[in-house]
Amino acid sequence: MRGRCGLLVICAAIMLAAVIAAMMPIVSADSRGDNFNHIAAQDGLQKVLIGQNLEFEGFNAPVAVYRVVSGDIANTYTVDNNSVYNVNWPTAGAFYVNYNTTTEKADAQLSVEAPIIPLEIKVGSATVSGVMVSTTAIRIDTAGINLFDEDVVDLVINGPAGQISYDAKNDQQFKGITVSDLKGYGATGGLKISGWKVGEYTFQVKTVSGQACGLEDESAVKSLNIGVIPTPTPVTTPDEKVDVTPLRTTPVVTPTPVPTSAPTPVPTVMPSPSVAPVPVSTPIPTPTPTTPCFEFMCAVVGLVVAVCLIRRRG
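We now turn to the structure provided with this report. (Residues numbered from 1 in each chain as written. Predicted model: local features only at pLDDT ≥ 70, side-chain atom pairs only at ≥ 80, totals over all residues. Heavy atoms only, no water.)

1. Regarding the overall build of the protein chain
Right, so step 1: The helix and strand tally for the protein chain stands at 8 helices and 21 strands.
Right, so step 2: For the protein chain, buried positions account for 30% of its 314 residues.
Right, so step 3: Within the protein chain, counting contacts between residues at least 6 apart in sequence, those at least 24 apart form 61% of the total.
Right, so step 4: Summed over its atoms, the accessible surface of the protein chain is roughly 19,700 Å², and 63% of this surface lies on carbon and sulfur atoms. (Helix = DSSP H or I, 4+ residues; strand = E, 2+ residues; numbered from the N terminus. Buried < 20%, exposed > 50% of the residue type's maximum accessible area, 1.4 Å probe, protein only. Contact = heavy atoms within 4.5 Å. Areas by Shrake-Rupley, 256 points an atom, 1.4 Å probe, with all protein chains shown as cover.)

This is the structure in C-alpha cells:
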C-alpha cells in the first residue's frame, strides 16, 4: 500500500513539473557575466539588444540570421566563427537563425530590442531631487530596464568627497554589481544614505562591457541634494538687499528736480500782470462821450454871456 502511494506521489510530481515547464516561456538567450549573449539552438524567442555581442551555440555551420518582414527576407546577416560583434540590426521585423524559406522553419528565433536603462531617484513612490539630512534611505528605481539580470553594471555615485564605490557604514557595494543587485536598490528603503555628508550627489548606471554581453551603454545622470531644506535661507537674503537699495536711491533723485522747477514759475507769473496796462489804454477814447458835455456847457455859458450883453445894450 505504501509503495502504491509513493508511486502516485512521484507520478503526480512529474506531471506537475511537466505542466509548469509547458506554461513557462522558453528564453534560451542568456548572459553569463561575460562578453557574449549566448544564443542556443532551441525553440522560443531569445532576446538580443542592440550593441551586444552574440555567441551561437549548438548550430550547424554555416550560421546566418535572416530578418523577415511581411513574409519576405529583408536582410541576411552572416555569422563568422559562430559570433557577431556589436549588433546593429533594425528592431522591426522577425529574426530567424538558419531560416528555411521553403518550410518557413528556423533553428532559433530572435527578438531584437534597443537597450533601456531608466533611472529615477525616489522616496516611496515620489521622484525627488532633494531630501533632508534625516532621511535614512532612498530608492534607485530602474523599472523597465531590459538588460539581463546577470549583466554587470556600475552604479556610479559621486558626492562631495568623490565617487562612492563601496559604502562601508551601510555595507553597500555600487561598483561591479549585477543588474539583479541593482534592482534591489529600487525596493523600498533599498539604498541607505544614513551617515552620508550634506551636499550634492549624482547617480548614473553604466554597463561593464566585458561582463554585460559586450554592451556599452549608460543611463541619464540624476542629481540628489542631501540637506536641501536649509538652502533656501541664503536665497532670500539677496532679495532683501535688492529691495533696500532702490529705497535709498529714489529719495536722493527726487529732491534734485524740485529746485529747478521752483524758479521757473516765478518769472512766468510776474510778467503776466505787467502786461495788464495794455487794455487800460483802450478805455482812453471812452472820454469821447464826455467831450459833447463840455461843448454843451460851453454853449450854455456862451448863451448866458450873449443874453447879458444884450441886456446891457438895451
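After that view of the structure, there is still more to cover.
2. A short note on the nonpolar core
Right, so step 1: Grouped together as the largest cluster of nonpolar side chains are 27 residues, with contacts concentrated most on Ile140, Leu155, Ile157, Leu191, Trp196 and Phe203.
Right, so step 2: Put simply, the parts of the chain that give this core at least two residues each are strand E13 (137–141), strand E14 (152–159), helix H2 (179–184), strand E20 (199–207) and strand E21 (222–226).
Right, so step 3: Val65, Val79, Leu110 and Val112 belong to the second-largest nonpolar core, a separate cluster that totals 18 residues. (Core = buried A, V, L, I, M, F, W, Y, C linked by side-chain atoms within 4.5 Å.)

3. Brief notes about the environment of lysine 206
Right, so step 1: Looking at the secondary structure, you find lysine 206 in strand E20.
Right, so step 2: What makes lysine 206 partly exposed here is its relative accessible area of 32%.
Right, so step 3: Ignoring any residue separated from it by four or fewer positions in sequence, one finds lysine 206 in contact with Val153, Asp154, Val156, Asp217 and Glu218.

4. Some points on the sheet that holds strand E5 (residues 63–69)
Right, so step 1: As summarised here, the arrangement of the 5 strands in space is E3-E9-E8-E5-E6, forming an open sheet in which the pairing is mixed. Each edge of the sheet is formed by a strand with only one pairing partner; in this case those strands are strand E3 (45–49) and strand E6 (72–79). The mean angle between the axes of side-by-side strands here comes to 30 degrees, regardless of whether they run parallel or antiparallel.
Right, so step 2: For strand E8 (residues 94–97) and strand E9 (residues 108–113), the ladder comprises 3 bridges, and the chain directions are antiparallel. Bridge pairing links phenylalanine 95 to leucine 110 in E9. (Pairing = 2+ DSSP bridges. Axes fitted to C-alpha atoms, helices over the stretch in contact; angles between N-to-C directions.)

5. A closer look at the packing of aromatic side chains
Right, so step 1: For the coordinates displayed, the defined rule picks out 9 aromatic pairs.
Right, so step 2: The structure contains a cluster of three or more aromatic residues connected by ring pairs, namely Phe174, Tyr185, Trp196 and Tyr201. (Phe/Tyr/Trp six-rings, centres within 6.5 Å; stacked < 30°, edge-to-face > 60°.)

6. Here's the deal with the sheet that holds strand E11 (residues 126–127)
Right, so step 1: Taken in spatial order, the 4 strands of this open sheet run E11-E10-E13-E19, and their pairing is antiparallel. The two strands at the open ends of the sheet, each matched to only one other strand, are E11 and strand E19 (191–192).
Right, so step 2: One ladder, built from 3 bridges, connects strand E10 (residues 120–123) with E13; its direction is antiparallel. Considered in E13, the bridge of glutamate 120 is made with aspartate 141.

7. Remarks on the side chain of asparagine 53
Right, so step 1: Structurally, asparagine 53 can be placed in the loop between E3 and strand E4 (54–57).
Right, so step 2: Relative accessible area serves as the criterion here: at 8%, asparagine 53 is assigned to the buried category.
Right, so step 3: At 3.3 Å, the side chain of asparagine 53 and the backbone oxygen of asparagine 35 are in polar contact.
Right, so step 4: Contact partners of asparagine 53, with chain neighbours within four places excluded, come to Asn35, Phe36, Asn37, Val84, Tyr85, Asn86, Cys213 and Gly214. (Polar contact = N/O pair within 3.5 Å; in protein donor to acceptor, adjacent residues only side chain to side chain.)

8. Topic: the pairing of E9
Right, so step 1: Pairing geometry for E3 and E9, over 5 bridges, is parallel. Bridge pairing links lysine 47 to serine 111 in E9.

9. A short note on the environment of threonine 178
Right, so step 1: Relative to the elements of secondary structure, threonine 178 occurs in strand E18 (residues 177–178).
Right, so step 2: Each C-alpha atom, one on threonine 178 and one on glutamate 150, is 5.6 Å from the other, the two residues being 28 residues apart in sequence.
Right, so step 3: Once residues lying within four places of it in the same chain are set aside, the contact partners of threonine 178 are Asp149, Glu150, Asp151, Val152 and Val153.

10. Quick look at the pairing of E13
Right, so step 1: With 5 of 5 residues buried, E13 is to be regarded as a mostly interior element.
Right, so step 2: Neither face of E13 is left uncovered, since the one carrying Ala137, Arg139 and Asp141 and the one carrying Ile138 and Ile140 both have all their residues buried.
Right, so step 3: Where E13 meets E19, 2 bridges bridge the pair, whose relative direction is antiparallel. Bridge pairing links alanine 137 to lysine 192 in E19.

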